[in-house]
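Report on the structure
Here is what each chain is made of, one letter per residue.
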Amino acid sequence: MIKSLRKSLILPLHLHIRTVQTFSKYNAQAASALREERKQNGDEEYADLDWDNLGFALTPADYMYVMKCSKDGEFTKGEISPFGNIQLSPSAGVLNYGQAIYEGTKAYRKENGKLLLFRPDHNAMRMKIGAERMLMPSPSVDQFVDAVKQIAFANKRWVPPSGKGSLYIRPLLMGSGPVLGLGPAPEYTFIVYASPVGNYFKEGTAALNLYVEDEYVRAAPGGAGGVKSITNYAPVLKALSRAKSRGFSDVLYLDSVKKKYLEEASSCNVFVVKGRTISTPATNGTILEGITRKSVMEIANDQGYQVVEKAVHVDDVMDADEVFCTGTAVVVAPVGTITYQNKRVEYKTGDESVCKKLRSVLVGIQTGQIEDTKGWVTDIN
């Protein structure tokens, strides 16, 4: 059965089949056909998971999306395929020179069962900016958003019930073609896969304990810290592992020049609250322009806070009323303590905190519980 099934599927990356159940191949023009089949099959049930205990670990959903770049730099029509391994040449650009970028977005389930996406067009535009920095062609905004929609719909049974989590969607653009000397890959592949997730940190929604790293840096001026290059993440693992072994949740990184100005955490942006002023490090090429960051800034402005993007000195952080982190994975996470050079400072948390108020509005919009007056949410049903 598996042999005949493989023959019936012509996959761009020779994907290995994960399951022996019967399924069909769908391309980017067949979303309506997929929709109709799901209706006919009544395939609207949830996957068999413990939805009350989701963490942030990989639980692969059924399908992935694959699209390849042609010789002229244009991406061809993509395909929905079963999730599985891919084959790459040992000399692929992504393996040898780290030529790849990724994005992260989420699908949410409303109480009525419909699915929502949050600002996927901004992820698409950020990928285009990152691709330009890494000398790669990229999907158009429409191609990107269409792929994310298809993956969310195809994997609908993996979207947690309302209030139980979300379907994390990972678009990945990589230099898949073989190259020996240092240079751009001759071929590129765009993949989107998904996994149901709960809270990013093991603390759940409880306050985080952060450590200010003053030895290692995350990024430097003129580098690629301002884009989601895969090369930005492995270098933080050593400092992050060391901090976690000491009981901390994550690491706060300082600038690489003076090591006195706050940049961001390992995988999220940072905000500092003092009175009615909310400050966040300015994106100057070393800090990722987070989509959650941008959304929280707008919500805070709407609520009458003064939001400032500036160079935030580490001393200002240690003197703040509140600190919180933002990101697609972490959403809006309160910080309970920060330790810097053996000094530990505690911050306000709880229901009356600025963090809690901003998170409530953001999550309400993302999940359809608060009316979206900004055009941020996309309904994919």
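What counts, and at which threshold
- Once a new chain begins, its residue numbering starts again from 1 and follows that chain's sequence as written.
- With the structure being a predicted model, the display of local features is reserved for residues of pLDDT at least 70 and the display and counting of side-chain atom pairs for 80 or more, all residues being used for whole-chain, interface and lining totals.
- With hydrogens and water excluded, all non-hydrogen atoms of the structure serve as input to the side-chain values.
- Put simply, DSSP H or I for four residues or longer makes a helix, DSSP E for two residues or longer makes a strand, and each gets a number counted from the N terminus.
- Working definition: with a 1.4 Å probe on protein chains only, accessible area under 20% of the residue-type maximum means buried, over 50% means exposed, and in between means partly exposed.
- Between two residues, a contact is recorded if the distance between any of their heavy atoms is within 4.5 Å.
- Residue exposure ignores everything except the shown protein chains as possible cover, and the areas themselves are Shrake-Rupley values with a 1.4 Å probe.
- Counted as a polar contact is a pair of N or O atoms within 3.5 Å, where, for protein atoms, one must be capable of donating a hydrogen and the other of accepting one, and residues adjacent in sequence contribute only when both atoms are in side chains.
- UniProt positions are given in the numbering used here, feature names are shortened, and annotations may be inferred rather than shown by experiment.
- Between N-to-C directions, angles span 0 to 180 degrees; the directions come from axes that are lines fitted to C-alpha atoms, helices contributing only their stretch in contact.
- In these notes the angle categories are as follows: under 35 degrees is roughly parallel, over 145 is roughly antiparallel, 65 to 115 is roughly perpendicular, and the rest is oblique.
- Crossings are sorted by hand: turned counterclockwise from the far helix by less than a right angle, the near helix makes the crossing left-handed, and turned clockwise it makes it right-handed.
- Note on terminology: disulfide denotes any pair of cysteine sulfur atoms within 2.5 Å.
- Salt bridge, as used here, is a side-chain nitrogen of Lys or Arg placed within 4 Å of a carboxyl oxygen of Asp or Glu.

1. With respect to the overall build of the protein
Each helix and strand counted, the protein has nine helices and 18 strands in total. Counting over 381 residues, the protein shows a buried share of 51%. Contacts in the protein between residues far apart in sequence, at least 24 positions, make up 70% of those at least 6 positions apart. Accessible surface, the protein as shown: approximately 17300 Å² in total, 49% of it carbon and sulfur.

2. Considering the side chain of Lys 68
Counting through the fold element by element, Lys 68 comes out in strand S2 (residues 63-68). For Lys 68, the side chain forms a polar contact with the side chain of Glu 187, separated by 3.2 Å.

3. Re the UniProt feature "modified residue: N6-(pyridoxal phosphate)lysine" (unreviewed entry) in the protein
The sites that carry the UniProt feature "modified residue: N6-(pyridoxal phosphate)lysine" (unreviewed entry) are, in the present numbering, Lys 228. Along the chain, Lys 228 falls in the loop between strand S9 (208-213) and helix H6 (237-245). With a relative accessible area of 12%, Lys 228 lands in the buried category. Leave out the neighbours within four places in its chain, and Lys 228 touches Ala 100, Ile 101, Tyr 102, Glu 103, Arg 126, Tyr 233 and Leu 288.

4. What about the packing of helix H4 (residues 120-133) against helix H5 (residues 141-154)?
For the pair H4 and H5, interaxial distance at closest approach is 9 Å and the crossing angle is 130°. Between H4 and H5, the interaxial angle falls into the category oblique. As H4 runs across H5, the sense of the crossing is right-handed. Residues Pro 120, Asp 121, Asn 123, Ala 124, Met 125, Met 127 and Lys 128 of H4 lie in contact with H5, whose contacting residues are Val 141, Phe 144 and Val 145.

5. Considerations on the state of the cysteines
Counting across every chain of the model gives zero disulfides. The thiol of Cys 268 is unpaired, and the distance to the nearest cysteine sulfur, on Cys 325, comes to 4.1 Å. Residue classification places Cys 268 among the buried positions, given a relative accessible area of 3%. For the unlinked cysteine Cys 355, the closest cysteine sulfur is that of Cys 325, found at 8.7 Å.

6. A closer look at the pattern of salt bridges
Inspection of the entire model under this criterion finds 13 salt bridges. Close ionic contact of Glu 215 with Arg 242 constitutes a salt bridge, the shortest N to O distance being 3.0 Å. Here Glu 215, found in the loop between S9 and H6, pairs with Arg 242, found in helix H6; they are 27 residues apart in sequence, far enough to count as distant. Residue class for Glu 215 comes out partly exposed when judged on its relative accessible area of 44%. In this structure Arg 242 comes out as partly exposed when scored by relative accessible area, which is 24%. A salt bridge links Glu 309 to Arg 293; the nearest nitrogen and oxygen atoms lie 2.6 Å apart. Remark: Arg 293 occurs in helix H7 (residues 291-302) and Glu 309 occurs in strand S14 (residues 306-310); sequence separation between them is 16 residues. Relative accessible area serves as the criterion here: at 4%, Arg 293 is assigned to the buried category. It is possible to trace a salt-bridge network through shared partners that takes in Glu 213, Glu 215 and Arg 242.

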